[in-house]
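So you can see what is in the structure, the chains are spelled out below.
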Amino acid sequence: MTAFANHTWIELRSSLRNRQLLFLTYAFPLAFYAMMGLIMTEINPLFTATMIPAMVIFAVMIATLMTLPDPLVTARDAGILRSYKIHGVPALNILSAPTVTTFLHLAVVTAIILATATPLFDAPAPTDWAWFGAVTLASVVAFAGLGVLIGVVSSSSRATLLWSQLIFLPSMLIGGLMMPFDFLPAGAQTVARLLPATHAMNAYNGLAYGAAVPFSASASLAILLIGGVLAFGLAILLFNWDRQNRTARLHPAFGLLAMLPYVASVVLL
Amino acid sequence: MNDTMIAVEKFRKTYGDFTAVDGVSFAVQRGEIFGLLGPNGAGKTSTLECLEGLRQPDGGRLSVAGVDPSREARKLRGKIGVQLQASGLPDSISPADAMKFFCAYHGIKPRHDLLDRLGLAEKRNTAYAELSTGQKRRLALALAVAHQPEVLFLDEPTAGLDVASRVELHSLMRELQAQGTTILLATHDMAEAEGLSDRVAILLHGQIAAAGTPLEITAAGAGLTKVSVRTERGSLEQANGSIPGVRQHALKEDYAVYFSADVGPTVSALIGYIESHGDALVDLRVERPSLEDRFLEITNGGHGRETGPSN
C-alpha cells in the first residue's frame, strides 16, 4: 500500500469515528433532503424538477465547506502539521486525503438521494448518468478546493466559519438550489455567477438533465474544474505548517485568486 | 572522511526586530550526544527548528548529515529523526496506526517493536487523545527513531516521563549512540545533560556562553568544591577560621560544610585538625560543582546558586 493510500485509509477510519463529521456529512444533509422533499415539493412544485441536483449540491457544500477547513486549522494549532512535516508528509497529501474521504462519503449520500428521490418525491432522475457523475465530481473538486483553501488561509476556527458562510449562505439563497437562476433579478444574477453552486446547478441542468440553461453548461463544468484545481493549487502554495512560522511564501489574501474563474464567468458568459 | 554530522557556522535567526540567535557556531561529530542547554528564550528551539528544516535561518550556514536543511528538505527527512517539544497527532489515531502512517512515508515497514520497547504495547490501539503525556512523548520518540535516522533531534525528551521511562529512554539513547547515531539534545534537565552528553553548549541571549565537555564546563567555573564533614565529637563546629586555608560556610545537620577551590589541601587540613583535637572522622563527602551549578552561574551572570559560599 502506498503512503498516500495508507494515509487515506487511516483518514477514512478516523472520519468514521468522528461523530460531528458523520452528522454533518450524513445526518444533516439527509434530514434536510427529507424535509425539503416533504415540504418544499408541496409549496413549490417547480422545486421537484431540480430536487436531486439541489440536494446533492447542498450535501457537497456541507461536507466540504463545513467539515474540511476547521480540522486543518486545529491540526496546525495542535502541532499535528509540524509532526507531518518532520516525517516528510507532503502538503498535497495532507489536503488530498481528507478530500478523497469526503468524496467517498458524498458518493454514499448521493447514492441515497438518487435511490430515494424518485420513488419518494417524484423527483426526475438524470437523463444522462455519465454527465451527472462528471458534474458531481467537478462540484466536489470545486467546493473541496475552496474548503481546503479556507482551512489553509484562516487564522482560527471562527475565521473558517466566516469564510465558509460567505460562500454557503448566498449559494443557498441565489445559487439556484431553491429557485431557478432565471427567476433572479439581473443584479442578483451577476452575483450568483460568482458562486460555484450556480455553475454546478447550471451544469447539472444542461448536461445531466438536457434542460435549457441560461448560459453554457459545458463552460460551467469547466469553471468548476478550473476553480477547484486553482483553489487546490493556491492552498498548496499558501500552506503553512505552523502558526508561528511567519516565513510563508505569499500573503493569505492571494487566496482570493481562487475566485478568478467565477469572476471571468460574469464577464465572459 | 569528514565525520561532522551537524555544522552550524555564524548562524542567525531573527523575528522582526528581535534577534533570537546571533552568530552561533558549533559542530557535532558522528556518534556524539551533544547537549544544547539554556534558559527559556535563549535560542535553543530556534536553532533546533532551523536545523530540522522547520524554519529558515536569516544568516550563516547550517549542515545536517551533509544536507542544507533550508534547501534540501526532502533529502533531510530520511536522514533525521525529530522529537519535537510541541507537536501532536490526530486525536483518533492509535500508536499502531501512527507507526504505520509515518513508516509508510519513510518507505519502511512499521516498527511495532519500538512501541513494545517504549512501554506502549498495551496502548497500541488506544486513541492518541486517551494517552498520557508521557505515553505521547514515548510515541513521538518511537516515531522519531523508527527509520533509523543518522541524526536525532530531541527537544526535552524526558519532560513528563516517569523514572522507569526516563531510564529506558536513556538506555535507548546510548544504544542509538553505540550504533553511530548522532544526537542533539535540548533539555532543561542538567543531570540528564551531564550524564548523557559527550559535549554541551550553553546558549544565553542567542549566543554560546560556554561549550565543551560537561567536565570542562564545570571546571571553568568558580571551581568551588563542596566538602561536608561529620565528626564524632563535633570538633569542627568551633573551628571556623582557625584552620589555615579553610573557611567554613555553614553547619548543616551535624555536618560542617566548606567550599574549596583546592580540595586536596583542604581535606588534609581538616583531617589534621580533627586528629589534633582528639576527635574522629565519621563521614566525609566531596561534591564537585555540577553542570547545574555552572549553568546557574552562567545564566545568573556569575552569581551561581543561592546556596553557594557567601565569602
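Residues numbered from 1 in each chain as written. Chains lettered and ligands numbered in written order. Predicted model: local features only at pLDDT ≥ 70, side-chain atom pairs only at ≥ 80, totals over all residues. Heavy atoms only, no water.

Engineer: Could you give an account of the interface of chain A and chain B, naming the residues involved and the relevant values?
Structural biologist: The interface is formed by 25 residues belonging to chain A together with 24 residues belonging to chain B. Interface area, chain A with chain B, both sides summed: about 2300 Å², of which 56% is carbon and sulfur. It is Arg82(A), Ile86(A) and His87(A) that lose the most area in chain A upon contact with chain B, and together they represent 32% of the buried surface on that side. At the surface where chain A touches chain B, the tally comes to 13 residue pairs in polar contact (both at pLDDT 80 or more). Sorting elements by how many residues they give to the side of chain A that touches chain B places helix H1 (residues 3-16) of chain A first, with seven residues. (Contact = heavy atoms within 4.5 Å. Buried area = accessible area lost by both parts, 1.4 Å probe. Polar contact = N/O pair within 3.5 Å; in protein donor to acceptor, adjacent residues only side chain to side chain. Helix = DSSP H or I, 4+ residues; strand = E, 2+ residues; numbered from the N terminus.)

Engineer: An account of the confidence of the model for chain B is requested, with residue identities and associated values reported.
Structural biologist: Residues and elements named next belong to chain B. When pLDDT is averaged along chain B, the result is 87; 95% of the residues meet or exceed 70. Predicted confidence for residues 305-311 stays below pLDDT 50, and this span has 13 contacts to residues more than four positions away or in other chains. As scored by the predictor, the complex reaches a pTM of 0.81 and an ipTM of 0.82. (pLDDT = per-residue confidence, 0-100.)

Engineer: Describe in detail the layout of surface pockets, supporting the description with residues and values.
Structural biologist: All names here are of chain A. Approximately 1100 Å³ is the volume attributed to the largest pocket. Every residue lining the largest pocket is counted, 39 residues in all, and those nearest its centre are Asn18, Thr67, Asp70, Pro71 and Leu72. Those elements that place two or more of their residues in the lining of the largest pocket are H1, helix H2 (19-43), helix H4 (69-77), helix H5 (80-86), helix H6 (91-121) and helix H8 (157-174). Looking at the lining of the largest pocket, the element that brings in the most residues is H4, giving six residues. A class-by-class count of the residues in the lining of the largest pocket yields 21 nonpolar, 14 polar and four charged. (1 Å grid on protein atoms, 1.4 Å probe; cavity = no way out; pocket = protein on both sides within 12 Å on 5 of 7 lines; lining within 4 Å. Points joined across faces, edges and corners; volume = space filled by probe spheres on them. Nonpolar A, V, L, I, M, F, W, Y, C, P; charged D, E, K, R; others polar.)

Engineer: Give me the nonpolar core: which residues, what numbers.
Structural biologist: Ile52(A), Met55(A), Ile57(A), Met61(A), Tyr84(A) and Leu177(A) are the most contacted members of the largest nonpolar core, which has 111 residues in total. With 13 residues, the top contributor of residues to this core is helix H3 (residues 51-65) of chain A. Not counting the four nearest positions on each side in its chain, Tyr84(A) is found in contact with Val89(A), Ile94(A), Trp241(A), Pro90(B), Phe101(B) and Phe102(B). The next biggest cluster of nonpolar side chains, apart from the first, holds 31 residues, and it includes Ala20(B), Val21(B), Leu76(B) and Phe153(B). (Core = buried A, V, L, I, M, F, W, Y, C linked by side-chain atoms within 4.5 Å. Buried < 20%, exposed > 50% of the residue type's maximum accessible area, 1.4 Å probe, protein only.)

Engineer: Got a sec to walk through the sheet that holds strand E2 (residues 18-29) of chain B? Specific residues and values, please.
Structural biologist: Residue and element names in this part refer to chain B. Strand order in this open sheet of three strands is E2-E1-E4, and the pairing throughout is antiparallel. The sheet is open, and its two edges are formed by E2 and strand E4 (59-64), each paired on a single side. On average, adjacent strands in this sheet sit at an angle of 20 degrees to one another, irrespective of strand direction. In the sheet, strand E1 (residues 4-15) pairs with E4 via five bridges, with the strands oriented antiparallel. Each residue of the ladder has a partner; that of Ile6, found in E4, is Val64. This element, helix H1 (residues 44-51), spans E1, E2 and E4 of the sheet and lies at about 120 degrees to E1. (Pairing = 2+ DSSP bridges. Axes fitted to C-alpha atoms, helices over the stretch in contact; angles between N-to-C directions.)

Engineer: Go over the sheet that holds strand E3 (residues 33-37) of chain B with me, naming the residues and quoting the values.
Structural biologist: Residue and element names in this part refer to chain B. Ordered in space as E5-E6-E7-E3-E8-E9, the six strands form an open sheet in which the pairing is mixed. In this open sheet, the two edge strands, each paired with only one partner strand, are strand E5 (80-83) and strand E9 (207-212). The average undirected angle you get between the axes of adjacent strands in this sheet is 15 degrees. In the sheet, strand E6 (residues 151-155) pairs with strand E7 (residues 182-186) via five bridges, with the strands oriented parallel. By the bridge assignment for E7, Val151 is matched with Thr182. Against the sheet, H1 contacts E3, E6, E7 and strand E8 (199-204), and its axis sits at roughly 150 degrees relative to E6. Strand contacts of helix H5 (residues 133-145): E5 and E6, with the helix running at about 175 degrees to E5, the strand carrying the most contacts.

Engineer: Hey, could you go over the packing of aromatic side chains for me, with residue numbers and the actual values?
Structural biologist: Across all of its chains, the model carries 14 aromatic pairs over all chains by this definition. A centroid spacing of 6.0 Å and a plane angle of 50 degrees characterise the contact between Phe58(A) and Phe168(A), whose relative ring orientation is tilted. In this pair, Phe58(A) is assigned in helix H3 and Phe168(A) in helix H8, connecting sequence segments 110 residues apart. Take Phe58(A) and Phe168(A): they sit in the same class, and that class is buried. An aromatic cluster is present here, built from Phe23(A), Phe28(A), Phe32(A), Phe58(A) and Phe168(A) joined pairwise through their rings. Between Lys136(B) and the ring centre of Tyr128(B), over which it is positioned, the NZ or CZ distance is 5.0 Å. (Phe/Tyr/Trp six-rings, centres within 6.5 Å; stacked < 30°, edge-to-face > 60°. Lys NZ or Arg CZ within 6 Å of the ring centre and 35° of its normal.)

Engineer: So, helix H10 (residues 291-299) of chain B: which residues are in play, and what are the values?
Structural biologist: Residues and elements named next belong to chain B. Burial in H10 covers these residues: Leu291, Arg294, Phe295, Glu297 and Ile298. On an axial view of H10, the arc spanned by its buried residues comes to 160 degrees, and they lie on one face. Buried residues belonging to H10 abut E3, helix H7 (190-196), E8, E9 and helix H8 (214-219). (Arc of directions from axis to C-beta.)

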